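Descriptive structure summary
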Amino acid sequence: MTEIVFESIYRERFPFWEKISDEDREYICRNSYSVAYPRGRNIHDGSDCSGVILVCSGCLRLYMMSDEGKDITLYRLHEGDLCMLSASCVLDAITFEVFVDAEQDSQCCVVSGPAFAAVSQRNPDIRIFALEAAVSRFSDVMWVMQQILFMSMDKRLAIFLFDESVRTGSDILTLTHGQIARYMGSAREVVSRMLKYFAGEGIVEVSRGGVTILDRKRLQKLTL
């Protein structure tokens, strides 16, 4: 992408864009690059400052991993979403490791972490934006933890299926049992058993290609 293209994208996505100088806008664009990440690629391993990532297409998954190798999905990023937690050099308060993988073939704009940090030091509006973006995602993280710690599995699965249906605008969810388990921070066997129960109740239909919601009202009732 050219600097002109980055300028057009950032003008739409960054609310601080019109508040900073022409020099700082040019500096951010000059230190940006476009990357195509294939499905399955690790983008950020938690050990460095990968920069500020803007998803133009596709889907990224952010997760934390235990010493034993078990991971918990914190949230996913889709078209138009911004990842600040991959830029630890921008936010000093980020002291934990977050991993980022491409769940689908994804096209992203990446602003160099040191460049974004340098400009944010000169512009309070950028720093406020970065903090607000991070805080909004922490609320997603707390929601995940609340579900894992305090909710029954049937309610957690119902919430996931219903939210995914709302997000995609379809009752047909092309997700494997393994993908659902990974997104929910659960075991595949547990998810399969609960989906089988939902199918027996006529709430969903399970096939090799994914899950189809048959009774949306009953599914929504389980989320309450």
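Thresholds applied
Residues numbered from 1 in each chain as written. Predicted model: local features only at pLDDT ≥ 70, side-chain atom pairs only at ≥ 80, totals over all residues. Heavy atoms only, no water. Pairing = 2+ DSSP bridges. Helix = DSSP H or I, 4+ residues; strand = E, 2+ residues; numbered from the N terminus. Axes fitted to C-alpha atoms, helices over the stretch in contact; angles between N-to-C directions. Expected span 1.5 Å × (residues − 1). Buried < 20%, exposed > 50% of the residue type's maximum accessible area, 1.4 Å probe, protein only. Contact = heavy atoms within 4.5 Å.

Moving on to the sheet that holds strand β7 (residues 99-102). Strands sit in the order β2-β7-β4-β5 across an open sheet of four strands; the sheet is antiparallel. The sheet is open, and its two borders are formed by β2 (42-44) and β5 (71-77), each paired with just one other strand. Strand-to-strand twist in this sheet, taken as the mean axis angle between neighbours without regard to direction, amounts to 35°. Relative to β5, strand β4 (residues 60-65) is paired through six bridges, and the arrangement is antiparallel. Paired with Tyr63 across the strands is Thr73, a residue of β5.

The next subject is helix α7 (residues 188-200). Owing to its 3.6 residues per turn, the α-helix aligns residues three or four sequence positions apart on the same side. The terminal C-alpha atoms of α7, which comprises 13 residues, lie 18 Å apart, in line with the 18 Å expected from a rise of 1.5 Å per residue. Among all positions in α7, only Val191, Ser192, Met194, Leu195 and Phe198 are buried. Those residues of α7 hidden inside the fold are in contact with α5 (153-168), α6 (177-184), β10 (204-207), β11 (210-213) and α8 (216-222). Of the residues trailing α7, Gly202 is marked for its positive phi of about 80°.

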